[in-house]
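Listed below, chain by chain, are the residues.
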Amino acid sequence: MLQVSLYRYNPETDEAPFMQDFAVDTSGRDLMVLDVLELIKAEYDGSVTYRRSCREGVCGSDGLNMNGKNGLACVTPLSETVKGDKLVIRPLPGLPVIRDLVVDMSLFYAQYEKVQPYLQNPSPAPAIERLQSPEERAQLDGLYECILCACCSTSCPSFWWNPDRFIGPAGLLQAYRFLADSRDTATEERLSKLDDPFSVFRCHGIQNCVNVCPKGLNPTKAIGHIRTMLLSRAT
Amino acid sequence: MRTISFDGVIVGGGGAGMRAALQLAQSGYKTAVISKVFPTRSHTVSAQGGITCAIASADPQDDWRWHMYDTVKGSDYIGDQDAIEYMCSVGPEAIFELEHMGLPFSRTEEGRIYQRPFGGQSKNFGEGGQAARTCAAADRTGHALLHTLYQNNIKNETVFFNEWFAVDLVKNQDGAVVGVIAICIETGETVYVKSKATVFATGGAGRIYASTTNAHINTGDGMGMALRAGVPAQDMEMWQFHPTGIYGAGTLVTEGCRGEGGYLVNNDGERFMERYAPNAKDLAGRDVVARSMVLEILEGRGCGPNGDHVKLKLDHLGEDVLESRLPGICELSRTFAHVDPVKEPIPVVPTCHYMMGGIPTNVHGQALTVDASGNDAVIPGLYACGEVACVSVHGANRLGGNSLLDLVVFGRASGLFIEKSLREGIELRDASQTDIDAAGSRLEALNARESGEQVAPLRQELQEIMQNHFGVFRTGEFMREGIAKLENLRERVENVALADRSNAFNTSRIECLELQNLFETAEATAIVAEARDESRGAHAREDFTERDDENWLCHSLYHGEGKKVSKRSVNFTPQTVETFQPMARSY
């Protein structure tokens, strides 16, 4: 039996959040954590609330904190996260909880929107595609794959402290995705918007973001590139 | 109940919905997208291999007419040729727009968009060998496309109602669609979203089957709402089983693997597709490959202790190709099959993937019904695009890479047409309170119900009926048994009980409403599948093994009221090219 301890909070009925225990029969299978949640919802308690969609690690819906580490429930096998027979599931830290494992991601999305995450190039587009060499395109690898699951930003102490002013690893990864795109011409404006003590420079290189990213991306490295661009621009 | 008003409301925040929304938002009309998940969590994100289009990058001589020929043949001749012509000819413009928006396509040495071979593709109307026509961003094309569209909607300040669920259509006294009833999932508030144009871009319903590549959210919400509102459903018997779902997990492995040179092997290590499709081999139509796989398994040449799957061999491509062209597949295979494709083949099995059928529409996205004399009639106020629509460019079998093109081209076309209509003026009479109450009655009943069965076991029962009775191969007798089981299930599904009555983020309530949508979709599928007594495209009957052009070179139409099946003509009159006449289909 798997001993699952689940964070519960229903704003309509609970004064405060609490942990609820479920002994779940997994029949010894190495299920994904999402499968365990589906099992609990179907067979134990239909009111357990979480987000899920693709169940294959590309939509970014089910970012959760499992035994202390952020990750996607659908691609986290029990064998990877469970020590002994205990699985503690909590919502992503640092964001307001709406209910159970569902957090309010408004601040996270607002930081993403702040970096103007879309290609900017006012010159008239050609009749075909804008050309880009494979080498130029390779600059976007490791950046464009972000699924906005928020595992990184909600594991970042700097984001916990200043979620309104520090853009956070996810937003900055996307900021750099457009700075690095040979087709984008708004480099100067983008850097100007980031050039303050909080937006970028609150990153202290703790690298929690790198450790938890379910897509194996490296926001710290991208932030380093932005810093270099900002600093070389200043001199 | 509060009313919110818009010029255009799009239900669904996937590729089709966001492309339509972008078009409308750019035009300055007051546009809203209602999406039950944050838009980038929509199922378009899972599309892998690419978007097929004759942009003449891999082959400077490539021609959209060749793409059209392949698509008509792939559809087993019940794709509408005017719609296919429109999609294939407008396609390049739509792709270049996406690139200009920033979509990070993979590139050729010349700096153009990288294109890979996909199934069913040819040069020179089937005479010039395999084409490479699928534009790709590695094997994450859907992700790249969906995020690009979301980003450009942010840029154009589209209004998003994220994590809102559309419950049912509101119709006025003239039968015109004038918006939807929707629930804000976070607060539980129910609202009437009033609109001059309501666009369904609600995606597919692969969750009617137990084994599917589809996301949990693909529950046929648009089909359910349409059928309940008296809108017919077209070609619902046509479900694509993707040849390569990962055995056990059901997650998708792109056809691009075979495009890049991978191939299927049976338990003897034989490349069996050489026997079934001597020319195209592993790149035959998906229906052909899926059936061949099932035959291999049934004839005892399957892999594994139960001989119930085959394998996809990729290791001969080398680590460099796999990591650069198919990085997502390597990741999925390691996670869900515990197999490293660099070293060993991936266990795969045909898995429910795509709904070719849907709400019948014209090329402008206008939803259609038939009038008393059997002629097409536009349903005022209602539009559909993407997987929920049946325009029909896929007919009885969709070609790989054509779904993303479909959703971009017809999302765009719907937006363009609605923009024009709004400019000319749309006059629809307001819904009365009775009309609005009627649309809210299903939700009202669910909320009031005190007893009933739980959602999860009912859903599982439905999925198992569909999996067992309406799979890759079908027989009349067995399908009739399935239909009887569904009849028994209907009342139980209608009386499903809420496990949770709270307002805040009540996913149990959403799942109950979704189950009823799944059921409507499944029943439509079952009844038309039994009625179409021939084999065509993805619809393979063991008791009617031949294609029957005399009786069935047509669309099926399913009418929810009375559960009736009728026929509708296929369009054979493209505007700029000669008609492609039906021929025997071989690869």
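Asker: I'd like a rundown of the overall build of chain B, residues and numbers included.
Answerer: Helices and strands together make up the secondary structure of chain B, namely 16 helices and 22 strands. Taken against the 2.2 N^0.38 rule, which gives 25 Å for 587 residues, the C-alpha radius of gyration of chain B at 22 Å falls within 12% of a compact globule. In terms of its C-alpha atoms, chain B occupies a principal-axis envelope of roughly 65 × 50 × 50 Å. A total of 587 residues make up chain B; the buried ones form 68% of that total. Partitioning the contacts of chain B with sequence separation of at least 6, the portion at a separation of at least 24 is 73%. Surface summary for chain B: the accessible area is close to 19,000 Å², and the carbon and sulfur share equals 46%. Each charge sign in chain B was given a centre, from 55 positive and 78 negative side chains, and these centres are 2 Å apart.

Asker: Please set out the side chain of Arg 412 of chain B residue by residue, giving values where relevant.
Answerer: Residues and elements named next belong to chain B. If you trace the backbone, Arg 412 turns up in helix α11 (residues 402-424). On the accessibility criterion, Arg 412 (6% relative accessible area) is buried. Looking at Arg 412, its side chain comes within polar contact range of the side chain of Glu 93, at 2.8 Å. When residues no more than four places from it in sequence are discounted, the contact partners of Arg 412 are Arg 19, Gln 23, Val 90, Glu 93, Ala 94 and Glu 97.

Asker: An account of the sheet that holds strand β3 (residues 51-52) of chain B is needed here, citing residue identities and associated values.
Answerer: The antiparallel open sheet is built from three strands, whose spatial order is β3-β5-β4 (chain B). The open sheet is flanked by β3 and β4 (115-116) of chain B, the only strands paired with a single partner.

Asker: With reference to specific residues and values, describe helix α6 (residues 168-179) of chain A.
Answerer: With twelve residues, α6 of chain A ought to run about 16 Å at 1.5 Å a step, and its terminal C-alpha atoms sit 16 Å apart, in line with that. Most of α6 of chain A is tucked away: twelve of the twelve residues are buried. Those residues of α6 of chain A that sit buried are Gly 168, Pro 169, Ala 170, Gly 171, Leu 172, Leu 173, Gln 174, Ala 175, Tyr 176, Arg 177, Phe 178 and Leu 179 of chain A. Looking at the packing, one finds that the buried side of α6 of chain A touches α3 (106-114), α5 (157-161), α7 (187-194), α8 (208-212) and α9 (219-234) of chain A together with α4 (141-155) of chain B.

Asker: Describe unusual backbone geometry, with residues and values.
Answerer: Residues and elements named next belong to chain B. Here the amide bond leading from Val 391 into Ser 392 is cis, since omega sits at -10°, within 30 degrees of zero. Residues other than glycine seldom take positive phi values, yet Phe 505 does so here, at roughly 40°. Along the chain, Phe 505 turns up in the loop between α14 (476-494) and α15 (507-531). Non-glycine residue Lys 563 carries a positive phi angle of around 50°. When you line up the elements, Lys 563 lands in the loop between β21 (554-559) and β22 (564-569). The exposure class of Lys 563 is partly exposed, given its relative accessible area of 29%.

Asker: Kindly report on the nonpolar core, identifying the contributing residues and their values.
Answerer: In a soluble, globular protein the nonpolar side chains are often hidden away together inside. Core analysis: the biggest nonpolar cluster contains 134 residues, and Val 4, Ile 89 and Ile 226 of chain A together with Ile 51, Ile 95, Leu 145 and Phe 410 of chain B have the highest contact counts within it. Top element by residues in this core is α11 of chain B. It accounts for ten residues. Residues lining this core come from more than one domain, with at least three contributed by each of domain 1 (2-103) and domain 2 (106-234) of chain A. In this structure, Val 4 of chain A is in contact with Gln 20, Asp 21, Phe 22, Val 24, Val 36, Ile 40, Leu 87 and Ile 89 of chain A, ignoring residues within four places of it in sequence. Judged by nonpolar contacts, the second largest core, of 83 residues, contains Met 466, Met 479, Ile 483 and Val 496 of chain B.

Asker: So what's going on with the domain arrangement of chain A? Residues and values would help.
Answerer: Residue and element names in this part refer to chain A. As assigned here, chain A comprises domain 1 (2-103) and domain 2 (106-234). For domain 1 and domain 2, the distance between their C-alpha centroids amounts to 29 Å. Every contact between the two is made by 13 residues of domain 1 and, on the other side, 13 residues of domain 2. Between domain 1 and domain 2, a total of about 1,000 Å² is buried, with carbon and sulfur atoms accounting for 67% of that surface. Viewed at the interface, domain 2 and domain 1 are joined by four residue pairs in polar contact (both at pLDDT 80 or more). Residues of the side of domain 1 that touches domain 2, tallied by class, amount to six nonpolar, six polar and one charged.

Asker: Report on the interface of chain B and chain A, specifying residues and quantitative values.
Answerer: On the side of chain A, 59 residues touch chain B, which itself brings 60 residues to the contact. Taking both sides of the interface into account, the surface hidden between chain B and chain A amounts to around 4,800 Å²; carbon and sulfur atoms contribute 51%. Of all residues in chain B, the largest losses of buried area upon contact with chain A belong to Arg 41, His 100 and His 216 of chain B, amounting jointly to 15% of the total for that side. The partner of Glu 511 of chain B in a salt bridge is Arg 52 of chain A, and the shortest N-O contact between them spans 3.8 Å. Broken down by secondary-structure element, the contributors of at least two residues to the side of chain B that touches chain A are α3 (81-101), α4, α10 (327-337) and α15 of chain B. A per-element tally of the side of chain B that touches chain A places α4 of chain B first, with seven residues. A class-by-class count of the residues in the side of chain B that touches chain A yields 24 nonpolar, 22 polar and 14 charged.

Asker: Which residues make up the sheet that holds strand β2 (residues 18-24) of chain A, and what values do they have?
Answerer: Residue and element names in this part refer to chain A. The strand order across the open sheet built from five strands is β2-β1-β5-β3-β4, with neighbouring strands paired in mixed fashion. Across the chains shown, the open sheet's two edge strands, defined by having one partner strand only, are β2 and β4 (69-72). Between one strand and the next, the sheet's axes are offset by a mean angle of 30°, whatever the strand orientation. Of the strand pairs in this sheet, strand β1 (residues 2-8) and strand β5 (residues 86-90) are connected by four bridges, and their pairing is parallel. Residue pairing in the sheet places Val 4 in a bridge with Leu 87 of β5.

Asker: So, the environment of Gln 121 of chain B: which residues are in play, and what are the values?
Answerer: Residues and elements named next belong to chain B. For Gln 121, the position within the fold is in the loop between β4 and β5 (134-135). Along the chain, Gln 121 and Glu 319 lie 198 residues apart, while their C-alpha atoms are 26 Å from each other. Here the side chain of Gln 121 touches Thr 134 through a polar contact of 2.7 Å, side chain to side chain.

Asker: Describe the pattern of salt bridges, and please don't skip the residues or the numbers.
Answerer: All names here are of chain B. If you walk through the whole model with that rule in mind, you get 66 salt bridges over all chains. Across the pair Arg 492 and Glu 453 runs a salt bridge whose closest N-O atoms are separated by 2.7 Å. Taken together, the positions of Arg 492 in helix α14 and Glu 453 in the loop between α12 (433-448) and α13 (455-469) put the pair 39 residues apart, joining distant regions of the chain. A relative accessible area of 35% places Glu 453 in the partly exposed class. A cluster of three or more residues bridged by salt bridges with shared partners is formed by Asp 76, Asp 235, Glu 237, Asp 287, Arg 291, Arg 532, Glu 534, Arg 536, Arg 547, Asp 549 and Arg 585.

Asker: Residues and numbers for the environment of Phe 410 of chain B, please.
Answerer: Residue and element names in this part refer to chain B. The residue Phe 410 is located in helix α11 in this model. The buried category is assigned to Phe 410, whose relative accessible area is 3%. C-alpha of Phe 410 to C-alpha of Cys 385: the two residues are 25 residues apart in sequence and 5.8 Å apart in space.

Asker: Lay out a negative patch on the surface with the relevant residues and their values.
Answerer: A cluster of like negative charges, contributed by Glu 135 and Glu 136 of chain A together with Glu 109 and Glu 110 of chain B, occupies part of the molecular surface. Examined against the element boundaries, Glu 136 of chain A turns out to sit in helix α4 (residues 134-138). A residue is classified by how much of its surface remains accessible, and Glu 136 of chain A, at 33% relative accessible area, is partly exposed.

Asker: Can you tell me about the confidence of the model for chain B, naming the residues and giving the values?
Answerer: Taken as a whole, chain B shows an average pLDDT of 97; of its residues, 100% reach a score of 70 or greater. Confidence metrics for the complex model read pTM 0.98 and ipTM 0.98.

Asker: Describe in detail the packing of aromatic side chains, supporting the description with residues and values.
Answerer: Evaluation of the coordinates by the stated rule reveals 15 aromatic pairs over all chains. Here a set of aromatic residues connected by ring pairs shows up, and it is made of Phe 108 and Tyr 109 of chain A together with Phe 38, Tyr 150 and Phe 160 of chain B. Over the face of the ring belonging to Tyr 587 of chain B we find Lys 73 of chain B, whose NZ or CZ atom lies 4.2 Å from the ring centre. Across the ring face of Tyr 354 of chain B, the terminal group of Arg 398 of chain B is positioned such that the distance to the ring centre comes to 4.1 Å.

Asker: Can you lay out the pairing of strand β16 (residues 366-370) of chain B for me, pointing to particular residues and giving the numbers?
Answerer: Residue and element names in this part refer to chain B. Taken together, the four bridges between β16 and strand β17 (residues 376-384) define a ladder with antiparallel strand orientation. Across the sheet, residue Leu 368 finds its bridge partner in β17, namely Val 378. Where β16 folds back onto β17 in an antiparallel hairpin, the turn is made up of five residues, including Gly 374, whose phi is positive at roughly 85°.

Procedures and definitions
Residues numbered from 1 in each chain as written. Chains lettered and ligands numbered in written order. Predicted model: local features only at pLDDT ≥ 70, side-chain atom pairs only at ≥ 80, totals over all residues. Heavy atoms only, no water. Helix = DSSP H or I, 4+ residues; strand = E, 2+ residues; numbered from the N terminus. Rg over C-alpha atoms; globule rule 2.2 N^0.38 Å. Buried < 20%, exposed > 50% of the residue type's maximum accessible area, 1.4 Å probe, protein only. Contact = heavy atoms within 4.5 Å. Areas by Shrake-Rupley, 256 points an atom, 1.4 Å probe, with all protein chains shown as cover. Lys, Arg positive; Asp, Glu negative; His and termini not counted. Charge placed at Lys NZ, Arg CZ, Asp CG, Glu CD. Polar contact = N/O pair within 3.5 Å; in protein donor to acceptor, adjacent residues only side chain to side chain. Pairing = 2+ DSSP bridges. Expected span 1.5 Å × (residues − 1). Core = buried A, V, L, I, M, F, W, Y, C linked by side-chain atoms within 4.5 Å. Domains from an automatic or database assignment. Buried area = accessible area lost by both parts, 1.4 Å probe. Nonpolar A, V, L, I, M, F, W, Y, C, P; charged D, E, K, R; others polar. Salt bridge = Lys/Arg side-chain N within 4 Å of Asp/Glu carboxyl O. Axes fitted to C-alpha atoms, helices over the stretch in contact; angles between N-to-C directions. Patch = residues over 30% accessible without salt bridge, like charges linked within 9 Å, V, L, I, M, F, W, Y side chains within 5 Å. pLDDT = per-residue confidence, 0-100. Phe/Tyr/Trp six-rings, centres within 6.5 Å; stacked < 30°, edge-to-face > 60°. Lys NZ or Arg CZ within 6 Å of the ring centre and 35° of its normal.

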